[in-house]
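Listed below, chain by chain, are the residues.
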Amino acid sequence: LVDAFKATLEEAVVADLLIHVLDVSNPEFEDQYHTTLRVLKEIGADKNPTLIVFNKTDAEREDSLLLRDRAQLLAPGALYVSAKTGFGTDALKEAISDALNAKLKTVKLMIPHARYDVISKLHSSGGIREQETQNEGVLVVGQFPEILAGLIRPFEVD
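Note that the coordinates shown come from a computational prediction; the quantities given were computed from them, not determined experimentally. (Residues numbered from 1 in each chain as written. Predicted model: local features only at pLDDT ≥ 70, side-chain atom pairs only at ≥ 80, totals over all residues. Heavy atoms only, no water.)

Caption draft 1: Representation of the environment of Ile111 in the model. Its place among the elements puts Ile111 in strand β4 (residues 106-111). Residue Ile111 is classed as buried on the basis of its relative accessible area, which comes to 0%. Along the backbone, Ile111 and Pro27 are 84 residues apart, and their C-alpha atoms lie at a distance of 56 Å. Not counting the four nearest positions on each side in its chain, Ile111 is found in contact with Val118, Ile119, Leu122, Gly137, Val138, Val140 and Phe155. (Helix = DSSP H or I, 4+ residues; strand = E, 2+ residues; numbered from the N terminus. Buried < 20%, exposed > 50% of the residue type's maximum accessible area, 1.4 Å probe, protein only. Contact = heavy atoms within 4.5 Å.)

Structure, rendered in structure tokens:
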């Protein structure tokens, strides 16, 4: 089973962000957590940024509070969600966005008016935070993926 799990996780080596989801209603979640960490280390994905997410916070069990206390001790910065009810999903989306944007540096660009094709590509990346039309061109401030570095480098300003 672990060998099959490793094959599935090979994509994790090149991932920008790992989201490790655990069932907080399962009394074995600690063992599952440690097994996953061991496998991630074995395949070289243990250095990747990771969000720990405990799902099924809506599950009612006699020992639910004990399991949640154990979860907090295991992963103090973890997020708690319920895929069934939607509880915590907004916080999860925000955490994902923050983690992915943390890898992007903010750049200031001056794009000539004749290069609206560049502005269009930057808009499609979703990275533009500010845009202002000026006499010499369009001033753009944003965070863009590395794949656009060659395109934007000639337009960077202080």
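Caption draft 2: Fine view of empty space enclosed by the protein. On inspection of all chains with the given rule, the structure shows 1 cavity of 30 Å³ or more. Of the voids in this model, the largest cavity is the one considered here, and its volume is about 30 Å³. If you go around the largest cavity, the residues you meet are Val24, Ser25, Lys56, Ala59, Ser64, Leu67 and Arg68. Taken together, the residues that form the lining of the largest cavity break down as 3 nonpolar, 2 polar and 2 charged. (1 Å grid on protein atoms, 1.4 Å probe; cavity = no way out; pocket = protein on both sides within 12 Å on 5 of 7 lines; lining within 4 Å. Points joined across faces, edges and corners; volume = space filled by probe spheres on them. Nonpolar A, V, L, I, M, F, W, Y, C, P; charged D, E, K, R; others polar.)

Caption draft 3: Quick look at the pairing of strand β2 (residues 50-55). Counting buried positions along β2 gives 5 out of 6 residues, so the element sits mostly inside the fold. Examined bridge by bridge, strand β1 (residues 18-23) and β2 share 6 bridges and lie parallel to one another. Considered in β2, the bridge of Asp23 is made with Asn55. Viewed along the sheet, the connection from β1 through helix α2 (residues 29-43) into β2 turns out right-handed. Between β2 and its parallel partner strand β3 (residues 79-80), the chain crosses via helix α3 (residues 64-74), and the hand of that crossover is right-handed. (Pairing = 2+ DSSP bridges. Right-handed = clockwise from strand over helix to strand, strands pointing away.)

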